[in-house]
Amino acid sequence: MIRRLIDVVGPRQARPLRRMIALLVVGAVLQGIAFTLLVPVLRALFGQDPDEVWPWLWALLGVSLLYAGAYFWSLLAGFEAGAALSRTLHRHIGDRVAALPLGWFGPERVGRLGHLATKSVMDVMGVPAHLLRPLVTSFVTPATVVVLMYLFDWRLALAATLTVPLIVLVHRWSTSLTRRADEARTAAAAATGGRVVEFAQNQPVLRVFGRGAGNSGTPLDEALRTQTEASRRVLVTGVPGLIGFALAIQAAFTVVLVAGVYLVLDGDLGVAELLALLVLAVRFTEPIAETAVLGSTLRTAGAALDRVAGLLAEPTLPRPDRPAVPVGNTVEFEDVHFGYDGKQVLSGVSMTLAEGTMTALVGPSGAGKTTVSKLVPRFWDVDSGVVRVGGVDVRDIDPEVLMSRVSIVFQDVYLFQGSILDNIRVGRPGADDAEVRRAARLAGVDEIVHRLPDGWDAQVGEGGALLSGGERQRVSIARAILKDAPIVLLDEATASLDPENERAVQDALSALSAGRTLLVIAHRLGTVAAADQILFLDRGRVTERGTHAELVASGGAYASFWTERNKAQDWSLAGHRS
Ligand SMILES: Nc1ncnc2c1ncn2[C@@H]1O[C@H](COP(=O)(O)OP(=O)(O)OP(=O)(O)O)[C@@H](O)[C@H]1O
């Protein structure tokens with residue numbers, strides 16, 4: 001565990017941790033010596049000359065003072081180690097997150113990352129804060145006691161030594177009994193947590209379908225049942241282990257007691273010595289008994305450490321050694337193959353988006369349109385083939401240079417807590433107010449602002465909750481206009497917008513696209529028809545390409561798509577009118 005911790009934080013950052021462990025070991029040895037000094041103290045006290053007790057008492061006092069010093073310094077080292085560990089783990093996690101491919105950040109992974117940066121890091125920090133001291137003490141102090149026992153009576157010391165394998169074996173057995181049940185309980189608790197969040201987030205759907213509170217059979221009920229069952233199993237399987245371990249400790253003590261009584265009856269050992277050695281035997285078994293309760297905390301910390309180590313081992317996006325500078329803003333795909341976790345999504349996609357033109361990607365849901373757009377800014381790297389920007393393989397372009405050339409307007413727009421102005425300024429943090437307002441005007445955001453009570457300073461709420469979907473997309477377009485990147489990737493909103501928002505978004509898009517290389521995942525017929533070229537994507541292949549007129553005339557899949565869409569639009573317009 002300690003070695004894994006040192007591997008994760010690195011040898012330099014592990015220095016405070018090593019110092020703390022060294023001080024804890026010194027403290028535990030001193031504690032063992034202090035316990036052992038009770039033997040000569042008691043022997044002198046009950047012996048012929050009680051005055052002989054004084055040198056031993058002074059020695060006991062000296063060792064106790066040294067122990068107090070080591071304890072104090074180890075506490076300080078513990079605080080230092082905890083702070084250094086938290087700083088280092090958060091920095092390592094931050095560095096890794098900044099270097100991971102953007103495609104890595106799916107909603108589920110981001111959820112797990114949040115858990116990892118808070119709960120898992122706290123669990124790992126618990127190692128120096130709460131676990132190391134009892135662990136070191138429970139092993140080093142009894143070991144010191146047994147070794148020093150040999151100085152007073154080798155036979156009792158031998159009896160204590162012989163009990164060690166028994167204690168170790170029973171401890172292993174008891175841990176293995178509880179481990180699996182514990183893991184099942186942790187997994188069940190995590191699943192229940194997920195279901196509770198889902199249950200809260202999806203209340204509107206659940207209530208509409210009569211699956212709100214008081215209805216059984218929801219996934220949450222199922223998860224709660226599994227968790228209760230898992231907790232019961234931990235009790236059933238864990239209790240025999242805990243009882244067995246407690247019995248083993250008692251057996252160890254009894255062995256020493258019986259051996260001592262035997263020696264006293266034989267006249268080989270004085271009663272005072274036996275008493276003192278029994279006190280020592282209690283001190284030998286007590287710290288070991290305490291380790292039983294540490295088992296599950298230790299496993300939680302171990303699992304948390306595994307999760308952190310797993311994140312730190314995630315492969316990062318390779319950076320070019322000698323970056324090339326793109327010339328112009330043409331985007332090309334040449335025989336691109338790509339899949340997620342072995343599931344093929346794109347098969348041999350080739351296309352050229354000439355500088356300053358608009359390309360519409362059209363095709364059924366799941367065809368791979370979003371995936372194509374995400375390969376341009378290198379959210380992922382292709383499996384084979386090449387994606388080029390300005391004639392250069394995107395893998396050979398410095399990632400910052402590449403990102404500076406691309407603006408992205410996706411459907412799921414995220415707005416940060418703050419004002420509308422702050423949110424637009426994300427597009428170019430150095431922009432002055434006049435530039436931000438100009439971008440806002442072009443994107444039609446000023447109309448929204450005039451309606452809001454606090455105007456430009458209106459807070460949008462976390463995630464932009466206080467704005468409608470169309471309004472959020474307009475803010476996101478304003479960001480892209482402000483960024484003024486020559487290549488624009490755009491995923492049109494599929495959700496129907498009200499006519500006013502629809503017109504505003506359309507105007508904002510025209511302002512954004514003028515003179516740029518534009519790739520649009522198009523859902524609106526107006527956008528598709530206006531494109532310089534249309535690519536029809538079906539199951540990861542470009543099956544048709546050309547202008548709207550050419551494709552309609554060819555009577556292929558695009559022509560049917562166009563007819564279907566027209567029908568759907570007429571149908572929904574008729575629905576609107578009625
Ligand atoms: N991050 C991901 N991890 C694993 N699979 C993914 C991921 N993103 C997309 N996919 C899968 O890749 C396939 C193509 O998805 P993509 O979103 O590119 O299609 P699309 O044509 O844009 O669909 P839609 O029009 O419905 O948005 C789908 O089967 C999808 O489930």
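An unreviewed UniProt entry lists the protein chain under the name ABC transporter ATP-binding protein, with Streptomyces tendae given as the organism. You can read under Subcellular location (unreviewed entry) in the UniProt record for the protein chain the words "Cell membrane".

Caption draft 1: Molecular detail of the sheet that holds strand S5 (residues 392-393). Taken in spatial order, the four strands make up an open sheet running S2-S1-S4-S5, and their pairing is antiparallel. Strand pairing shows two members of the sheet lacking a second neighbour, strand S2 (343-353) and S5, which therefore form its edges. Judged from the eight bridges that link them, strand S1 (residues 331-340) and S2 form a sheet pairing that is antiparallel. Paired with Phe338 across the strands is Leu346, a residue of S2.

Caption draft 2: Up close: the nonpolar core. In terms of nonpolar packing, the biggest core is built from 44 residues, with Val362, Ile424, Val445, Ile477, Leu512, Ile534 and Tyr558 touching the most fellow members. Discounting residues that sit within four places of it in the chain, Leu512 has contacts with Val409, Ile477, Ala480, Ile481 and Val488. Leu17, Leu131, Leu135 and Leu305 belong to the second largest nonpolar core, which has 33 residues in total.

Caption draft 3: Geometry of the pairing of strand S4 (residues 384-389). Sheet topology note: the S1/S4 ladder contains five bridges and is antiparallel. Paired with Val331 across the bridge in S4 is Val389. In the sheet, S4 pairs with S5 via two bridges, with the strands oriented antiparallel. Residue Arg388 lies in a different strand from S5, and its bridge partner there is Asp393. Where S4 hands over to S5, the hairpin turn is made up of two residues, of which Gly390 adopts a positive phi near 55 degrees.

Caption draft 4: Region of the structure containing a nonpolar patch on the surface. Taken together, the side chains of Tyr71, Phe72, Trp73, Leu75, Leu76 and Phe79 define a hydrophobic patch exposed on the protein surface, amounting to about 650 Å² of accessible area. Within the secondary structure, Phe72 is located in helix H4 (residues 53-99). Judged by relative accessible area, Phe72 falls into the partly exposed class, the value being 47%.

Caption draft 5: Geometry of the confidence of the model for the protein chain. Per-chain confidence: the protein chain averages 84 in pLDDT, with 94% of residues scoring 70 or above. Low pLDDT (under 50) marks residues 573-578, which in the prediction has zero contacts with non-local residues, meaning those over four places away or in another chain.

Caption draft 6: Seen up close, unusual backbone geometry. Backbone geometry at Arg378 places phi at a positive 65 degrees, although glycine is not the residue there. Tracing the chain through its elements places Arg378 in the loop between helix H10 (369-375) and S4. The backbone of Arg539 sits at a positive phi, close to 45 degrees, despite the residue not being glycine. With respect to the element layout, Arg539 can be found in the loop between strand S9 (533-538) and strand S10 (541-546). On the basis of relative accessible area, Arg539 is assigned to the exposed category, the value being 70%.

Caption draft 7: Broad picture of the side chain of Lys369. When you line up the elements, Lys369 lands in helix H10. Despite being buried, Lys369 has no salt bridge partner; Asp491 is the closest side chain of opposite charge, sitting 7.8 Å away. Sequence-distant contacts of Lys369, that is, excluding residues within four places in its chain, are made with Leu361, Val362, Gly363, Pro364, Ile521 and Leu537.

Caption draft 8: A look at the packing of aromatic side chains. In the structure shown here, the tally under the stated rule is eight aromatic pairs. Aromatic side chains Phe72 and Trp73 sit 5.4 Å apart centroid to centroid with 70 degrees between the ring planes, which places their arrangement in the edge-to-face category. Judged by centre distance (5.4 Å) and plane angle (80 degrees), the rings of Tyr340 and Trp380 are edge-to-face. Taken together, the residues Tyr340 in strand S1 and Trp380 in the loop between H10 and S4 connect sequence positions 40 residues apart. Clustering of aromatic rings is evident, with ring pairs tying together Phe536, Tyr558, Phe561 and Trp562.

Caption draft 9: Up close: the pairing of strand S7 (residues 487-491). Within S7, five of the five residues are buried, leaving the element largely enclosed by the surrounding structure. Both faces of S7 are covered, namely the face carrying Ile487, Leu489 and Asp491 and the face carrying Val488 and Leu490. For strand S6 (residues 406-409) and S7, the ladder comprises four bridges, and the chain directions are parallel. Paired with Val409 across the two strands is Leu490, which belongs to S7. Judged from the five bridges that link them, S7 and strand S8 (residues 517-521) form a sheet pairing that is parallel. Considered in S8, the bridge of Leu489 is made with Leu519.

Caption draft 10: Up close: the packing of helix H3 (residues 38-46) against H4. Packing of H3 against H4 brings their axes to within 9 Å, and their N-to-C directions diverge by 155 degrees. Considering the angle they form, H3 stands roughly antiparallel to H4. The two elements H3 and H4 cross, and the hand of that crossing is left-handed. For the pair H3 and H4, contact is made by Pro40, Val41, Ala44 and Leu45 and by Val53, Trp56 and Leu57, respectively.

Rules and cut-offs
- Residues numbered from 1 in each chain as written.
- Predicted model: local features only at pLDDT ≥ 70, side-chain atom pairs only at ≥ 80, totals over all residues.
- Heavy atoms only, no water.
- UniProt positions renumbered as here; feature names shortened; annotations may be inferred.
- Pairing = 2+ DSSP bridges.
- Helix = DSSP H or I, 4+ residues; strand = E, 2+ residues; numbered from the N terminus.
- Core = buried A, V, L, I, M, F, W, Y, C linked by side-chain atoms within 4.5 Å.
- Buried < 20%, exposed > 50% of the residue type's maximum accessible area, 1.4 Å probe, protein only.
- Contact = heavy atoms within 4.5 Å.
- Patch = residues over 30% accessible without salt bridge, like charges linked within 9 Å, V, L, I, M, F, W, Y side chains within 5 Å.
- Areas by Shrake-Rupley, 256 points an atom, 1.4 Å probe, with all protein chains shown as cover.
- Salt bridge = Lys/Arg side-chain N within 4 Å of Asp/Glu carboxyl O.
- pLDDT = per-residue confidence, 0-100.
- Lys, Arg positive; Asp, Glu negative; His and termini not counted.
- Phe/Tyr/Trp six-rings, centres within 6.5 Å; stacked < 30°, edge-to-face > 60°.
- Axes fitted to C-alpha atoms, helices over the stretch in contact; angles between N-to-C directions.
- Parallel < 35°, antiparallel > 145°, perpendicular 65-115°, else oblique.
- Left-handed = near helix turned anticlockwise from the far one by under 90°.

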